[in-house]
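Examination of the molecular architecture
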Amino acid sequence: MGESVNLFEIKGVYKCYQKKSKPKVYAVYNVDLNIKKGEVLGLVGESGCGKSTLAKILLKLEQPTMGQILFNGQDITDYSFHQMRKIRNRMQMVFQGNANAFNPHFTVEQIIGEPLNNYSNESKEEKEKKIVSMLEKVGLNKTYLTRYSHEMSGGQRQRIGIARALILHPEFVACDEAVSSIDYALKNQILTLLTDLKQQFGLTYLFISHDIAAVNKICDRVVVMYLGNIVEVIPNINNNAQHPYTKALLAATLIPNPKNRRKNTVLFREGEEIKIPDKGCVFQNRCIYTQEICKNEQPALKTQKEGHYIACHLCHHS
Ligand code: SF4
């Protein structure tokens, strides 16, 4: 088997926000990450942990405060808008297919056709042919061309979002909570569709979700983020997760009765403001195993075994 090649490599990436007279807040903190060609990399963590910011940094929709982004071995960190335009068609994003995901005045044809209008000089007929063909690939047909987004279900909107992202035949698609607003049966259909399309088009996905079950179904590897930091990278999150935060995240997701979820977990409560510690482990204020060393030294992301990395002082002592 040939060695895997990285489509994306990010090194030492930080994203820092500072409002007037307020302390700095890091949405992304010293992140190193590779995304291999052809893989589905999951990115999990609660809302506000920096998942979406990291995706936007990869696609250069946001500029990192510090660090380096390589795409196909090319350093794109300081690419201008015009330089990015030349490669923008190779990387796309799919968002949550909720009711206001698209311009309400656009028909499906206009929604899917917009990237073609921006990036190709083909005739109207050629574009329409491509749009119909892409509609069919996502399980819809040409009767949808004249519909508006409010006339469709969440699942149909999600398919339109996917068609729009794929119309320029990108190599990479970041799916940001792409199955979060749809019910269980539809969710499975969309996950199957994403897997089929990946095979057909040779895609690489970054699959961002707080839905561990969906992540388990589709991802080859999972990255767990907590307050802007990667705390664990694991091939199968259900199997062998060791970081206390990953375990808490799994416990909160996998305990079927929501009433029982809180007992053993250490997760955000709605509206709660979490203070990022000045030093030491980012998870120390919520971890049930915190020790003196955790308050003083930030644990580095270290290899546990091949492909499995953990940032925790305790996890490496066993
Ligand atoms: Fe908990 Fe310490 Fe590990 Fe951080 S380093 S997760 S505080 S045990």
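Definitions and limits used
- Residues numbered from 1 in each chain as written.
- Predicted model: local features only at pLDDT ≥ 70, side-chain atom pairs only at ≥ 80, totals over all residues.
- Heavy atoms only, no water.
- Helix = DSSP H or I, 4+ residues; strand = E, 2+ residues; numbered from the N terminus.
- Rg over C-alpha atoms; globule rule 2.2 N^0.38 Å.
- Buried < 20%, exposed > 50% of the residue type's maximum accessible area, 1.4 Å probe, protein only.
- Contact = heavy atoms within 4.5 Å.
- Areas by Shrake-Rupley, 256 points an atom, 1.4 Å probe, with all protein chains shown as cover.
- Lys, Arg positive; Asp, Glu negative; His and termini not counted.
- Charge placed at Lys NZ, Arg CZ, Asp CG, Glu CD.
- Axes fitted to C-alpha atoms, helices over the stretch in contact; angles between N-to-C directions.
- Parallel < 35°, antiparallel > 145°, perpendicular 65-115°, else oblique.
- Left-handed = near helix turned anticlockwise from the far one by under 90°.
- Nonpolar A, V, L, I, M, F, W, Y, C, P; charged D, E, K, R; others polar.
- Phe/Tyr/Trp six-rings, centres within 6.5 Å; stacked < 30°, edge-to-face > 60°.
- Lys NZ or Arg CZ within 6 Å of the ring centre and 35° of its normal.
- pLDDT = per-residue confidence, 0-100.
- Pairing = 2+ DSSP bridges.
- Core = buried A, V, L, I, M, F, W, Y, C linked by side-chain atoms within 4.5 Å.
- Expected span 1.5 Å × (residues − 1).

**Overview of the overall build of the protein**
- Counting its regular elements, the protein contains nine helices and twelve strands.
- The C-alpha atoms of the protein give 21 Å as radius of gyration, which agrees with the globular expectation for 318 residues (20 Å, within 12%).
- Taken along its principal axes, the extent of the C-alpha atoms in the protein is 70 × 50 × 45 Å.
- Counting every position in the protein, which comprises 318 residues, the buried fraction comes to 49%.
- Restricting the contact set of the protein to residue pairs at least 6 apart, pairs at least 24 apart contribute 62%.
- By element, 48% of the accessible surface of the protein is carried by carbon and sulfur atoms, the whole surface being about 16400 Å².
- Of the side-chain charges in the protein, 41 are positive and 31 negative, and the distance between the mean point of each set is 3 Å.

**Points about the packing of helix H5 (residues 154-166) against helix H6 (residues 184-201)**
- Contact geometry of H5 with H6 gives a least axis separation of 10 Å together with a crossing angle of 15°. The angle between H5 and H6 falls in the class roughly parallel. Considering the relative orientation of H5 and H6, their crossing is right-handed. Touching Gly-155, Gln-158, Arg-159, Ile-162 and Leu-166 of H5 are Leu-186, Gln-189, Ile-190, Leu-193, Leu-194, Leu-197 and Phe-201, all from H6.
- For the contact of H5 with H6, the residue count by class is eight nonpolar, three polar and one charged.

**Describing the packing of aromatic side chains**
- This model, assessed by the stated rule, comprises eight aromatic pairs.
- Aromatic side chains Tyr-14 and Tyr-26 sit 5.9 Å apart centroid to centroid with 65° between the ring planes, which places their arrangement in the edge-to-face category. On the criterion of sequence distance, the pair formed by Tyr-14 in strand S1 (residues 6-17) and Tyr-26 in strand S2 (residues 25-36) is long-range, its members being twelve residues apart.
- Among the residues examined, Tyr-26 registers a relative accessible area of 27% and is labelled partly exposed.
- Taken together, the ring pairs in this structure connect Phe-8, Phe-71 and Phe-172 into an aromatic cluster.
- The cationic tip of Arg-85 hangs over the ring face of Tyr-119; the distance from NZ or CZ to the ring centre is 4.7 Å.

**Considering the confidence of the model for the protein**
- Predicted confidence across the protein gives a mean pLDDT of 89, with 92% of residues reaching 70 or more.
- Within the protein, strand S4 (residues 66-71) carries the highest mean pLDDT (97), whereas helix H8 (residues 244-254) carries the lowest (86).
- Here residues 260-266 is modelled with pLDDT under 50, and outside its nearest four sequence neighbours on either side it reaches 14 contacts, counting other chains as well.

**As for the sheet that holds strand S3 (residues 40-44)**
- Taken together, the eight strands give an open sheet; going across it, the order is S6-S7-S8-S3-S9-S10-S12-S11, and neighbouring strands pair in mixed fashion. Edge positions in the sheet fall to strand S6 (91-94) and strand S11 (302-305), since each has one partner strand and no second. Recorded for the sheet is a direction-independent mean angle of 25° between the axes of neighbouring strands.
- As defined by bridge partners, S6 adjoins strand S7 (residues 172-176) across four bridges and the pair is classed as parallel. Within S7, the residue paired with Met-91 across the bridge is Phe-172.
- With respect to the sheet, H5 is in contact with S6 and S7, its orientation differing from that of S6 by roughly 170°.

**Considerations on the nonpolar core**
- Counting 58 residues, the largest nonpolar core has Ile-160, Ile-162 and Phe-207 as the members making the most contacts within it.
- Other than its neighbours up to four places away in sequence, Phe-207 contacts Val-40, Leu-41, Gly-42, Leu-43, Cys-175, Val-179, Leu-191, Leu-194, Ala-214, Val-215, Ile-218 and Cys-219.
- Leu-43, Ile-69, Met-84 and Ile-87 belong to the second largest nonpolar core, which has 32 residues in total.

**Describing H5**
- Compared with an ideal rise of 1.5 Å per residue, which puts 13 residues at 18 Å, H5 spans 18 Å between its outermost C-alpha atoms and is within 8% of the ideal.
- Summarising burial for H5: twelve of the 13 residues are buried, a large majority.
- Looking at H5, one finds that the buried residues are Gly-154, Gly-155, Gln-156, Arg-157, Gln-158, Arg-159, Ile-160, Gly-161, Ile-162, Ala-163, Ala-165 and Leu-166.
- Structurally, H5 contributes buried residues whose contacts are with S6, helix H3 (108-119), helix H4 (124-137), S7 and H6.

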